[in-house]
Amino acid sequence: MKAGEENPATPGPRGHELSATGVTVAYERVDVVHDASLTLRPGEVTVLVGPNGSGKSTLLRTLARLQRPRTAALVIDAGTDGLAMTPRQFSRHVALLTQGRPTPSGLTVRDVVEFGRYPYRSRWGKADPGGRAAVDRALAMTGVADLADRGAEHLSGGQLQRVWLACCLAQETGVVLLDEPTTYLDLRYQIELLDLVRDLADDHGIAVGAVLHDLDQAAAVADRIVLLDEGRIVADGLPEDVLTAQRLTDTYGIRIEVDTDPLTGRVRTRAIGRHHSRTERLSTTS
């Protein structure tokens, strides 16, 4: 099967809504995220952007319960207290693809993807009636089914990132969180992975929350963008409403121009450095 395809006879995960309110996170008694609130909805891609140190990855990890908040409320589907769930229960609803996962050695691609089934296995790690179908579906959705028997250590960086994403999808959660998923990937694999992110929302109804550094990539893939600065959410809305020239210039501390890409109709940004005037002079005299 090609990427994005799955066996229609096999049910996939159902999208969940994840709402976070009043999230405050502290490191060594210093607040680094301040009273943040946001909602991830089924079938939508929400992208967190902001300068280094703005708290976006910390907020994402808090949504995944990997970071303990000082105060927070996490609610799944407007009725279930996410913080009251056991880790196994929560991991059936929310999956996280973290930064910098290691390259597995001595394992096949299928072995790696099967790690995603841990929330469903019995106490001794054996019984998992839906496991095989879930792994096959995850391999197909990410386009790595033909690599299932290959050693994971022999994959390229882009292939391995797809495999780790397949591991998350094998959890069959309705919420998928991605922390800088395009880091270290070349341009082709960045775009292919972002296409997969859109497939998760559009074709499978999953609620996707992602952290991205590239503003143009964020504008291209997101239904909603959440802009953070110094641990606070300063804007949350449609890409064209959040990514304005004045707001980005104020947030990033550098002049940023914004226009519309004539090919895609999406927001396009350009940071203006010290040598911008030199580039303009060269272009006008050539």
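Before reading further, recall that the structure is shown in the block above.
Residues numbered from 1 in each chain as written. Predicted model: local features only at pLDDT ≥ 70, side-chain atom pairs only at ≥ 80, totals over all residues. Heavy atoms only, no water.

## Observations concerning the packing of aromatic side chains
According to the stated counting rule, one finds 0 aromatic pairs in the structure shown. The cationic tip of Arg65 hangs over the ring face of Phe90; the distance from NZ or CZ to the ring centre is 4.6 Å. One cation-aromatic arrangement involves Arg117 over Tyr120; the distance from NZ or CZ to the ring centre is 4.1 Å. (Phe/Tyr/Trp six-rings, centres within 6.5 Å; stacked < 30°, edge-to-face > 60°. Lys NZ or Arg CZ within 6 Å of the ring centre and 35° of its normal.)

## Quick notes on the nonpolar core
Counting 53 residues, the largest nonpolar core has Val47, Val113, Leu178 and Leu243 as the members making the most contacts within it. Of all the elements, helix α5 (residues 157-169) adds the most residues to this core, at 8 residues. Residue contacts for Leu243: discarding those within four places in its chain leaves Leu215, Ala219, Ile225, Leu248, Val258 and Val267. By size, the runner-up hydrophobic cluster in this structure holds 25 residues, among which are Leu18, Leu63, Ile76 and Ala207. (Core = buried A, V, L, I, M, F, W, Y, C linked by side-chain atoms within 4.5 Å. Buried < 20%, exposed > 50% of the residue type's maximum accessible area, 1.4 Å probe, protein only. Helix = DSSP H or I, 4+ residues; strand = E, 2+ residues; numbered from the N terminus. Contact = heavy atoms within 4.5 Å.)

## Digging into the environment of Leu60
Secondary-structure assignment places Leu60 in helix α1 (residues 56-63). Along the sequence, Leu60 and Ile76 sit 16 residues apart, while their C-alpha atoms lie 15 Å from each other. Setting aside residues up to four positions removed in sequence, Leu60 forms contacts with Leu96, Leu177, Leu178, Asp179, Gly209, Ala210 and Val211.

## A short note on the packing of α5 against helix α6 (residues 187-204)
Two elements in contact, α5 and α6, have axes separated by 10 Å at closest approach and are oriented at 15°. Between α5 and α6, the angle falls in the class roughly parallel. Between α5 and α6 lies a crossing whose hand is right-handed. Seen from α5, the contacting residues are Gly158, Gln159, Gln161, Arg162, Leu165 and Leu169; seen from α6, they are Tyr189, Glu192, Leu193, Leu196 and Leu200. The residue makeup of the contact of α5 with α6, split by class, is 6 nonpolar, 3 polar and 2 charged. (Axes fitted to C-alpha atoms, helices over the stretch in contact; angles between N-to-C directions. Parallel < 35°, antiparallel > 145°, perpendicular 65-115°, else oblique. Left-handed = near helix turned anticlockwise from the far one by under 90°. Nonpolar A, V, L, I, M, F, W, Y, C, P; charged D, E, K, R; others polar.)

## What about unusual backbone geometry?
Positive phi, close to 45°, is recorded for Asp35, a residue that is not glycine. A positive phi angle, close to 55°, is found at Ala78, a residue other than glycine. Looking at the element boundaries, Ala78 is found in the loop between β4 (71-76) and β5 (80-81). Given the relative accessible area of 67%, Ala78 is considered exposed.

## Describing the environment of Gly106
Its location among the elements puts Gly106 in the loop between β6 (94-97) and α3 (109-114). Residues Gly106 and Glu153 lie 47 residues apart in sequence; the distance between their C-alpha atoms is 7.4 Å.

## Focus: the pairing of strand β11 (residues 256-260)
Summarising the sheet, β11 and strand β12 (residues 267-271) pair through 5 bridges and their orientation is antiparallel. If you follow Thr260 over to β12, its bridge partner there is Val267. (Pairing = 2+ DSSP bridges.)

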